[in-house]
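Report on the structure
Letter by letter, the chains look like this.
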Amino acid sequence: MWTMVRVLDLYCGMGGLSLGIALALEDSIVHGIDIDPKAVMTYNLNLNKFGCCAEVADLLSWEPSRDYDVVVGGPPCQPFSIANTIRVGEAHPLFPTFRRYFELVRAIRPSAFVLENVKGLLTRRFKPLLEEQLGSLAADYRIRHAVLNAAHYGVPQRRERLIAVGVRTFNSLSRDHVVQKAWYMTLRAAFFQFPLSGSLPELLCVSSKKTSFQLPLSGSPSPIPGFSGSLRLSAAAALRTNEF
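Residues numbered from 1 in each chain as written. Predicted model: local features only at pLDDT ≥ 70, side-chain atom pairs only at ≥ 80, totals over all residues. Heavy atoms only, no water.

Tallying secondary structure elements over the protein gives six helices and seven strands in all. For the protein, the N- to C-terminal ordering of α and β elements is β-α-β-α-β-β-α-β-α-β-β-α-α. Classification of the 244 residues of the protein by burial places 45% in the buried group. Across the protein, contacts joining residues at least 24 apart in sequence account for 68% of those joining residues at least 6 apart. Accessible surface for the protein amounts to roughly 13,600 Å². Of this, 57% is attributable to carbon and sulfur atoms. (Helix = DSSP H or I, 4+ residues; strand = E, 2+ residues; numbered from the N terminus. Buried < 20%, exposed > 50% of the residue type's maximum accessible area, 1.4 Å probe, protein only. Contact = heavy atoms within 4.5 Å. Areas by Shrake-Rupley, 256 points an atom, 1.4 Å probe, with all protein chains shown as cover.)

Spelled out as structure tokens, the structure:
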């Protein structure tokens, strides 16, 4: 019988990862931690109804007082972002937050962990750091990492992020969740899932080096085969996809 899953979301921000976990694991309690009071206020306002609750704390000094089954988190990406050309790596004040994520995973020893960050961690400069930290968990976890594109999972934006998933070698955490891959969701199709008053404005396609939205200039959204409006995935399912 599947019991209640306790999840810890490190550097939770406004709760993107927490919401994903809450939707994927219905019988879960998610505890988020972030240093930004406004982010935590937004998190609790929107996600309390999903069984998520966040607190304000500095994770560089915070210590866990209970056990967790799963740890997820997206440490601040600024030290590793290719968009940052000023203070990079150890010169950035947020650099210690990355190692702290792994320190907490080693201390808590959850059944599974998920790390989200920018693909700049795979560059020649930072890949040794990533491999060092993942390697510190390799004796106890089966670990896979890859760059995933959010557009492949129903998000109307091409956003590539490094995702690392680790599952303890004695526990497969297998459940009947399937990663659903749809056609690229357009921004117009995403808007049409919500009740609207009036008509959508005729918006131009927005594209830049940083982000790209897929938005048709006219016409109604086409049906998206296999997409039901909500995506459900789990660490175990992610490990089974061809993208890892």
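Under the criterion given, the structure shown has six salt bridges. Residue R99 is joined to E132 by a salt bridge in which the shortest nitrogen-to-oxygen separation is 3.6 Å. On the criterion of sequence distance, the pair formed by R99 in helix α3 (residues 96-108) and E132 in helix α4 (residues 127-135) is long-range, its members being 33 residues apart. Taking relative accessible area as the criterion, E132 reaches 44% and is therefore assigned partly exposed. R100 is the partner of E103 in a salt bridge, and the nearest nitrogen-oxygen pair spans 3.1 Å. Taken together, the residues span about one helical turn, with E103 and R100 both in helix α3 at a distance of three residues. Each of the salt bridges in this network shares a partner with another, and the network as a whole consists of E63, R100 and E103. (Salt bridge = Lys/Arg side-chain N within 4 Å of Asp/Glu carboxyl O.)

Let us look at the side chain of N44. By secondary structure assignment, the location of N44 is in helix α2 (residues 37-47). Judged by relative accessible area, N44 falls into the buried class, the value being 19%. In this structure, N44 is in contact with C52, C53 and A54, ignoring residues within four places of it in sequence.

This part covers helix α1 (residues 16-24). For α1, the set of buried residues is S18, I21, A22 and A24. The inward-facing, buried residues of α1 contact β1 (5-10), β2 (28-34), α2, β3 (52-56) and β4 (70-73).

For the structure on display, the rule yields six aromatic pairs. Ring geometry for F80 versus F98: centroids 5.2 Å apart, planes at 65°, classification edge-to-face. Of the two residues, F80 is situated in the loop between β4 and α3 and F98 in helix α3; the sequence distance between them amounts to 18 residues. In this structure, F80 and F98 share a single accessibility class: buried. (Phe/Tyr/Trp six-rings, centres within 6.5 Å; stacked < 30°, edge-to-face > 60°.)

You will see that Y11, though not glycine, has its phi angle at about 55°, which is positive. Mapped onto the secondary structure, Y11 falls in the loop between β1 and α1. Of note in this structure, R109 is not a glycine but carries a positive phi near 55°. Tracing the chain through its elements places R109 in the loop between α3 and β5 (112-117).

Bringing the pairing of β3 into the picture now. Across five bridges, the pairing between β2 and β3 is parallel. Directly across from V30, in β3, lies its bridge partner C52. Handedness of the β2-α2-β3 crossover: right-handed. (Pairing = 2+ DSSP bridges. Right-handed = clockwise from strand over helix to strand, strands pointing away.)

If you walk across this open sheet you meet the seven strands as β3-β2-β1-β4-β5-β7-β6, and the pairing is mixed. With one partner strand each, in any of the chains shown, β3 and β6 (141-149) form the two edges of the open sheet. Put simply, the sheet's adjacent strands are angled 15° from each other on average, direction ignored. Running at roughly 175° to β2, α1 makes contact with β1, β2, β3, β4 and β5 of the sheet. The sheet contacts of α2 involve β2 and β3, and relative to β3 the element is tilted by about 165°. (Axes fitted to C-alpha atoms, helices over the stretch in contact; angles between N-to-C directions.)

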